[in-house]
Amino acid sequence: MQKRLIVNHQLLEIMVMRLCHQLIENHGDFSDSVILGLQPRGIYVAQRIQQTLASILGKQVPTGHLDTTFHRDDFRRRDTPLTANATKIDFLIEGKKVILVDDVLYTGRSVRAAMDAMIAYGRPANVELLVLIDRLYTRHLPIQPTYVGRHVNSLQSQRVLVEWQGQDKPEDNIWLITKTDE
């Protein structure tokens, strides 16, 4: 297995700050906007975005966690059943501008499932997508992010790993992992 660093912790910090400023340009004071992190890994990105926005704006932006397990199109196609994660949305999304947040955009299927799951909590006025990494040329569905940290050309045999400090990792990093035949 080859592991290549594609975004180090300093660059990741800059990317998050840039994404937050882009959000502020489009959402102002966030009075009509909310953030939904996609379970399981998008919640860490959403929390980091929320923390950074709070330091810039001086207020908390409503942020929740959305589980898409039972809305996935591969839910019944797996050998072992998927384990559901918690959905935590303690605010209304009816008529709000919703920013879906995930770490990596790959095929687009998770985002499609998230849009299905989100509708159970109300009909948003607008939905945008923020991802740290957009894996180009891998889409199965016509879904594109509104906000992107970095575009990455990758093969289907590769995967992108986002590591966050505090999760048994010394610092934030994003890796491109290639399986090698040994």
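First, a word on what this report is: a plain description of the structure on this page.

The end-to-end C-alpha separation of helix H1 (residues 9-27) is 26 Å, in line with the 27 Å expected for 19 residues at 1.5 Å each. Looking only at H1, the buried set comprises Leu 12, Met 15, Val 16, Leu 19, Cys 20, Leu 23, Ile 24 and His 27. Measuring from the backbone nitrogen of Gln 10 back to the side-chain oxygen at the start of H1 gives 3.2 Å, which picks out Asn 8 as the cap. Positive backbone phi, at 60 degrees, marks Gly 28, one or two positions downstream of H1.

As a further point, take unusual backbone geometry. Note the cis peptide between Gln 39 and Pro 40, where omega equals 0 degrees. Examined against the element boundaries, Pro 40 turns out to sit in the loop between strand E2 (33-38) and helix H2 (42-57). In this model, Phe 30 sits at a positive phi of 65 degrees, which is unusual for a non-glycine residue. Tracing the sequence through the fold places Phe 30 in the loop between H1 and E2. At Tyr 137, a residue that is not glycine, the phi angle is positive and equals roughly 65 degrees.

In this section: the environment of Cys 20. With respect to the helices and strands, Cys 20 occurs in helix H1. Since its relative accessible area comes to 0%, Cys 20 is described here as buried. Each C-alpha atom, one on Cys 20 and one on Gly 149, is 10 Å from the other, the two residues being 129 residues apart in sequence. Not counting residues within four places of it along the chain, the set of residues in contact with Cys 20 comprises Ile 49, Thr 52, Leu 53 and Ile 56.

One key point about sheets: their strands pair by backbone hydrogen bonds, in either a parallel or an antiparallel sense. Read across the open sheet, the five strands follow the order E3-E2-E4-E5-E6; overall the sheet is parallel. Across the chains shown, the open sheet's two edge strands, defined by having one partner strand only, are strand E3 (63-66) and strand E6 (147-153). Recorded for the sheet is a direction-independent mean angle of 25 degrees between the axes of neighbouring strands. Across six bridges, the pairing between strand E5 (residues 126-136) and E6 is parallel. Note on E6: the bridge partner recorded for Asp 134 is His 151. Running at roughly 135 degrees to E6, H1 makes contact with E2, strand E4 (97-105), E5 and E6 of the sheet. In the packing of helix H3 (residues 109-118) onto the sheet, contacts are made with E2, E3, E4 and E5, and the angle to E4 comes to roughly 150 degrees.

Here we take up the nonpolar core. In terms of nonpolar packing, the biggest core is built from 29 residues, with Ile 49, Leu 53, Leu 130, Leu 132 and Ile 174 touching the most fellow members. Counting only elements with at least two residues in this core, the list comes to strand E1 (2-7), H1, H2, E4, E5, E6, strand E7 (158-163) and strand E8 (173-178). No other element matches H1, which puts seven residues into this core. Val 34, Leu 38, Phe 91 and Ala 114 belong to the second largest nonpolar core, which has 18 residues in total.

Moving on to the sheet that holds E1. Taken in spatial order, the three strands make up an open sheet running E1-E8-E7, and their pairing is antiparallel. Only two strands of the sheet have a single neighbouring strand rather than two, namely E1 and E7. Taking each pair of neighbouring strands and ignoring which way they run, the sheet shows an average axis angle of 30 degrees. Inspection of the sheet shows E7 paired to E8 by six bridges, in the antiparallel sense. Opposite Arg 159, over in E8, you have Ile 177 as the bridge partner.

How each quantity is defined
- Residues numbered from 1 in each chain as written.
- Predicted model: local features only at pLDDT ≥ 70, side-chain atom pairs only at ≥ 80, totals over all residues.
- Heavy atoms only, no water.
- Helix = DSSP H or I, 4+ residues; strand = E, 2+ residues; numbered from the N terminus.
- Expected span 1.5 Å × (residues − 1).
- Buried < 20%, exposed > 50% of the residue type's maximum accessible area, 1.4 Å probe, protein only.
- Polar contact = N/O pair within 3.5 Å; in protein donor to acceptor, adjacent residues only side chain to side chain.
- Contact = heavy atoms within 4.5 Å.
- Pairing = 2+ DSSP bridges.
- Axes fitted to C-alpha atoms, helices over the stretch in contact; angles between N-to-C directions.
- Core = buried A, V, L, I, M, F, W, Y, C linked by side-chain atoms within 4.5 Å.

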